[in-house]
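These are the residues of each chain, in order.
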Amino acid sequence: MNVNKKPLYTSRDLYNRGFEESAPGSFPFRRGPYKTMYTQRPWTIRQYAGFSTADETNAFYRKALNAGQKGLSVAFDLATHRGYDSDHPRVEGDVGKSGVAIDTVEDMIRLFDGIPLDEVSVSMTMNGAVLPVMACFIVAAEEQGVSQEQLAGTIQNDILKEFMVRNTYIYPPAPSMTIVSDIMAFTHRKMPRFNSISVSGYHMQEAGATPLQELAFTIADGLAYLDAARAAGLHVDDVAPRVSFFFAIGMDFLTEVAKLRAARELWATLVRERFNPENEKSLLLRMHCQTSGWSLTAQDPLNNVVRTTIEALAGVFGGTQSLHTNSYDEALSLPTDAAARIARNTQLILQNETGLCQFIDPFAGSYAIESLTADMVSEALEIIREVDALGGMVRAIEQGMPQRRIQESAASRQAVIDSGDEVIVGMNTYRSDDAPELDVFDVDNKKVLVQQKKKLERIRSQRDPEAVRRGLDAVMEVARGDHPAGSLLETMVDVARARATLGEMSVALEDIWGRHRAGQSTVTGAYRKSYQNKTEFMELVGEVEAFAHREGRRPRMLVVKLGQDGHDRGARIVAAAFADIGFDVDLGPLFLTPAEAARQAMENDVHVVGVSTLAGAHKTLIPALIEELKKEGAGDIAVVAGGVIPEKDSEWLKNNGVLEIFGPGAGILSAARSVLQCIAVRGTGETDR
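Bear in mind that the values here come from a model prediction, so they are computed numbers and not experimental data. (Residues numbered from 1 in each chain as written. Predicted model: local features only at pLDDT ≥ 70, side-chain atom pairs only at ≥ 80, totals over all residues. Heavy atoms only, no water.)

### What about the overall build of the protein?
When helices and strands are counted, the protein shows 27 helices and 15 strands. Whereas a compact globule of 689 residues would reach a radius of gyration of roughly 26 Å, the protein reaches 25 Å, a difference of no more than 12%. Viewed in the frame of its principal axes, the protein has a C-alpha envelope of about 75 × 70 × 50 Å. When each of the 689 residues of the protein is scored for burial, the buried share is 61%. Sequence-distant contacts, at least 24 apart, represent 79% of the contacts inside the protein between residues at least 6 apart. For the protein, the accessible surface area stands at approximately 26500 Å², while carbon and sulfur atoms represent 49% of it. In the protein, 73 side chains carry a positive charge and 92 a negative one; their mean positions are 2 Å apart. (Helix = DSSP H or I, 4+ residues; strand = E, 2+ residues; numbered from the N terminus. Rg over C-alpha atoms; globule rule 2.2 N^0.38 Å. Buried < 20%, exposed > 50% of the residue type's maximum accessible area, 1.4 Å probe, protein only. Contact = heavy atoms within 4.5 Å. Areas by Shrake-Rupley, 256 points an atom, 1.4 Å probe, with all protein chains shown as cover. Lys, Arg positive; Asp, Glu negative; His and termini not counted. Charge placed at Lys NZ, Arg CZ, Asp CG, Glu CD.)

Next comes the structure, spelled out in structure tokens:
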């Protein structure tokens, strides 16, 4: 679902909409939340980063702060997100790969060593394990001599979008919302400078949502959190002034500018209408923005410098309060130091060399921008009313409405790109044969794993086990409701002081609430619609039909994610596209171990397993899958892989049994043909197993 755009806008478009001039810092805040915007202080440069160990990430942070960065934004590894200690058998390939590993207070102390937490604001992207992470952060600050009242920053604490798209949830929706309101209440009482939630649309757009869908579902999520706070006995003015938002900025330049302006107007209007706040600050939508990761291409990656600059400009023209600019190499790996420096300098150049900070909302009054903003407001309201009719955002998510809409948009978008109807320079058109080869950043997962295990052993041997047990019992009592006025975060802080690990704190809640497992579904039809009557597509459909006639069944494929990587846009698109082509496709549940994936492949009697990977664990988990298949006598099942896999890793994986590698931007039709050939090479799959 996109906003309809016209090639020409005139004054009549504004007149027909009853356009009224408004001022920055005044309701409905379309032109910005503050009167002076960047003329007195530019947006905050807040680069999101975290990798490997706390010590290595700390060195990166200190270097970035010395180079002009104004705030920190912490990326945690997937084991931490999912509430597992680094020595848990389910996370062997994930530790330190796509963020920093945090198991204990000691890790958090090292993460911020030499960084004054009473002066530097810290944003933490954490949702599933938000309670133990916040607890460890608070205790680490205490031991640095910084009180809770002095801490400034933001915790994401946005669990609804995890159930929609990102999937780093732990507990079921109802208790997860209890955690959200608990943190809101705690920070209201004890952390006046800290934002208790950052409502995130970013991951929706990365998962395939259109800008309009991102806008509508994000605002609907924010309203749901205010409802939860009210149900917990908090007044809107206790919470709303410290709710922030996080949006993606893609390549649809004018639409993205309009989206940010519309977001402020929607939030101010709906909060006033539904919650009747007394404090005007409750109406202000303050935002962080990040340039798109999905728009980055692995092909001709230096083009990404241009893409990121354009997206950053849209964020600035839209009036963001802080900004992260992606590095040009992030379609291949974590950013190298050189790429991260260019990304940070992009913002410094915009702030210091362009004169942009001399103007407040310079696009105001533009026929096109004002018309698009008005359209975004009205069409997003339609979606929000649809959510309301389903019983609110929690009920809509339980019924799968936003997930389904986003999956449909993702599949449709990818189909038009693969068919060449949408041009991506350097990827599907204007390709270069002499693009420079890039150095890629590689984390030695095995080294990090060994280090984290040793740290955990040392902490467990030195602490008071009885104090830990009492603390965890207290956490479980509050989670059970034995102490209705008790605070989950407060009890977590107490047990973190006793040196309980992140995994132990998470399991204490899991023992009461269970661990959530979402079902998987596939939206089909987009590829068949986009490619209808195109020769290449119909020829491939014919080849699949011929295979089915020859072998007595269709080629069967299991598409899986291994480890704790929940980013499933690619897996869903591949499953949908291959089904449209004529394959029988099974989409495996998230968070499989290699052994579980091998077992499912055998039970489903598939010809091929396709592994979708984005989190850098491919060199650990995919060879383990191949070994599990061999161990079970199913070595004839072919294994292929796709996703963020650097070229140097592709050769290594092929030498270790992977038949084909499909990197970012690989065409679906050529991939499907290659998979069909892999199946033919391995035979029909009819063995004595």
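### Here's the deal with the pattern of salt bridges
Pairing between side chains of opposite charge can happen when their charged atoms approach one another. Using the criterion set out here, one finds 52 salt bridges in the structure. A salt bridge links Asp85 to Arg460, with the shortest nitrogen-to-oxygen separation between them at 3.2 Å. With Asp85 in the loop between α3 (78-81) and α4 (105-111) and Arg460 in helix α17 (residues 445-462), the pair connects residues that are 375 residues apart, well separated along the chain. The partly exposed category is assigned to Arg460, whose relative accessible area is 30%. Close ionic contact of Glu596 with Arg90 constitutes a salt bridge, the shortest N to O distance being 2.9 Å. Within this pair, whereas Glu596 is found in helix α24 (residues 594-603), its partner Arg90 is found in the loop between α3 and α4, the two being separated by 506 residues in sequence. Three or more residues are tied together by salt bridges with common partners; here these are Glu21, Arg30, Arg31, Arg261, Glu265, Asp361 and Glu370. (Salt bridge = Lys/Arg side-chain N within 4 Å of Asp/Glu carboxyl O.)

### So, the nonpolar core
Counting residues in each nonpolar core, the largest one holds 83 residues, and the members touching the most others are Phe217, Ile219, Tyr225, Leu226, Phe245 and Met393. In terms of residues, this core owes the most to one element, helix α9 (residues 211-231), which gives twelve residues. Among all residues touching Ile219, those that are not within four sequence positions of it are Phe245, Ala263, Leu266, Trp267, Leu270, Leu285 and Ile384. Counting 69 residues, the second-largest nonpolar core is a separate cluster that includes Tyr61, Leu117, Met124 and Ile138. (Core = buried A, V, L, I, M, F, W, Y, C linked by side-chain atoms within 4.5 Å.)

### Some words on the sheet that holds strand β1 (residues 44-45)
Reading across from one edge, β1-β10-β9-β8-β7 is the order of the five strands in this open sheet, with parallel pairing throughout. Each edge of the sheet is formed by a strand with only one pairing partner; in this case those strands are β1 and β7 (197-200). Summarising the sheet, β7 and strand β8 (residues 243-249) pair through four bridges and their orientation is parallel. Each bridged residue has a counterpart across the sheet, and for Val199 the counterpart in β8 is Phe245. Contacting β7 and β8, α9 crosses the sheet at an angle of about 165° to β8. (Pairing = 2+ DSSP bridges. Axes fitted to C-alpha atoms, helices over the stretch in contact; angles between N-to-C directions.)

### With respect to a negative patch on the surface
A contiguous patch of negative charge on the surface is contributed by Glu437, Asp439, Glu647 and Glu651. Relative to the helices and strands, Glu647 is located in helix α26 (residues 647-655). Judged by its relative accessible area of 64%, Glu647 is exposed. (Patch = residues over 30% accessible without salt bridge, like charges linked within 9 Å, V, L, I, M, F, W, Y side chains within 5 Å.)

### Concerning the pairing of β8
Where burial is concerned, most of β8 is hidden: seven out of the seven residues are buried. Of the two faces of β8, the one lined by Val243, Phe245, Phe247 and Ile249 and the one lined by Ser244, Phe246 and Ala248 are each fully buried. One crossover worth recording links β8 to the parallel strand β9 (residues 286-291) by way of helix α11 (residues 253-275), and it is right-handed. (Right-handed = clockwise from strand over helix to strand, strands pointing away.)

### Looking at the domain arrangement of the protein
Domain assignment breaks the protein into domain 1 (11-37 + 44-418), domain 2 (445-513) and domain 3 (526-681). With centres defined by C-alpha atoms, the gap from domain 1 to domain 2 works out at 28 Å. Listed as interface residues are 46 residues of domain 1 and, on the opposing side, 29 residues of domain 2. The interface formed by domain 1 and domain 2 contains eight salt bridges. In this structure, Asp87 and Arg460 form a salt bridge, with 2.7 Å as the shortest nitrogen-oxygen distance. In this assembly, domain 1 and domain 2 are joined by 15 residue pairs in polar contact (both at pLDDT 80 or more). Broken down by secondary-structure element, the contributors of at least two residues to the side of domain 1 that touches domain 2 are α4, α5 (130-143) and α7 (173-190). At ten residues, the largest contribution of residues to the side of domain 1 that touches domain 2 is made by α5. (Domains from an automatic or database assignment. Polar contact = N/O pair within 3.5 Å; in protein donor to acceptor, adjacent residues only side chain to side chain.)

### Here we look at the packing of aromatic side chains
Applying the stated criterion across every chain yields a total of 16 aromatic pairs. Geometrically, the ring pair formed by Phe112 and Phe137 is edge-to-face, given 5.7 Å between the ring centres and 70° between the ring planes. In this pair, Phe112 sits in the loop between α4 and β4 (122-124) while Phe137 sits in helix α5, placing the two residues 25 residues apart along the sequence. Residue classification places Phe137 among the buried positions, given a relative accessible area of 1%. When the ring of Phe245 is compared with that of Trp267, the centres are 4.8 Å apart and the planes differ by 70°; the resulting orientation is edge-to-face. Of this pair, Phe245 sits in strand β8 while Trp267 is found in helix α11, placing the two residues 22 residues apart along the sequence. Aromatic rings pair up to connect Phe112, Phe137 and Phe194 into one cluster. (Phe/Tyr/Trp six-rings, centres within 6.5 Å; stacked < 30°, edge-to-face > 60°.)

### Considerations on the sheet that holds strand β12 (residues 584-587)
Taken in spatial order, the five strands make up an open sheet running β12-β11-β13-β14-β15, and their pairing is parallel. Taken across any chain shown, the strands that pair with only one partner, and hence form the sheet edges, are β12 and β15 (660-662). With direction set aside, neighbouring strand axes in the sheet form an average angle of 20°. Both strand β13 (residues 608-613) and strand β14 (residues 638-643) contribute to a ladder of six bridges, which runs parallel. Bridging from a neighbouring strand, Thr613 pairs with Gly643 of β14. Here helix α23 (residues 569-581) sits on the sheet and contacts β11 (556-560), β12 and β13; the angle it forms with β12, its principal contact strand, is near 160°. Those strands touched by helix α25 (residues 618-631) are β13 and β14, and its axis lies near 165° from that of β14.

### Observations regarding a nonpolar patch on the surface
A surface patch of nonpolar side chains, about 330 Å² in accessible area, is lined by Val423, Val425 and Tyr430. Structurally, the position occupied by Tyr430 is in the loop between α16 (401-418) and α17.

### Some points on helix α27 (residues 668-682)
An α-helical turn contains 3.6 residues, so a residue and the one three or four places further along point in the same direction. Between its first and last C-alpha atoms α27 spans 21 Å; for 15 residues at 1.5 Å apiece the expected length is 21 Å, and the two agree. When α27 is considered as a whole, its buried residues turn out to be Ile668, Leu669, Ala671, Ala672, Ser674, Val675, Leu676, Cys678 and Ile679. (Expected span 1.5 Å × (residues − 1).)

### Some details on helix α12 (residues 303-318)
With 16 residues, α12 should reach 22 Å at 1.5 Å per residue; the first-to-last C-alpha distance of 23 Å fits that figure. Among all positions of α12, only Asn304, Arg307, Thr308, Glu311, Ala312, Ala314, Gly315, Val316, Phe317 and Gly318 are buried. In the core, the buried residues of α12 are packed alongside β8, α11, β9, β10 (322-324) and α13 (337-353). One or two positions beyond α12, positive phi appears at Gly319, with a value near 95°.

### Structural notes on the confidence of the model for the protein
For the protein, per-residue confidence averages 92 on the pLDDT scale, and 98% of positions sit at 70 or higher. Considering only residues more than four positions removed or in separate chains, one finds that residues 684-689, a stretch of pLDDT under 50, has 14 contacts. (pLDDT = per-residue confidence, 0-100.)

### Regarding the packing of helix α19 (residues 488-497) against helix α20 (residues 502-513)
Put simply, α19 and α20 touch, their axes get as near as 11 Å, and they point 140° apart. Compared by their axis directions, α19 and α20 come out oblique. Of the residues in α20, those in contact with Leu488, Met492, Val495 and Ala496 of α19 are Met505, Leu509 and Trp513. Grouping the amino acids of the contact of α19 with α20 by side-chain chemistry returns seven nonpolar, no polar and no charged. (Parallel < 35°, antiparallel > 145°, perpendicular 65-115°, else oblique. Nonpolar A, V, L, I, M, F, W, Y, C, P; charged D, E, K, R; others polar.)

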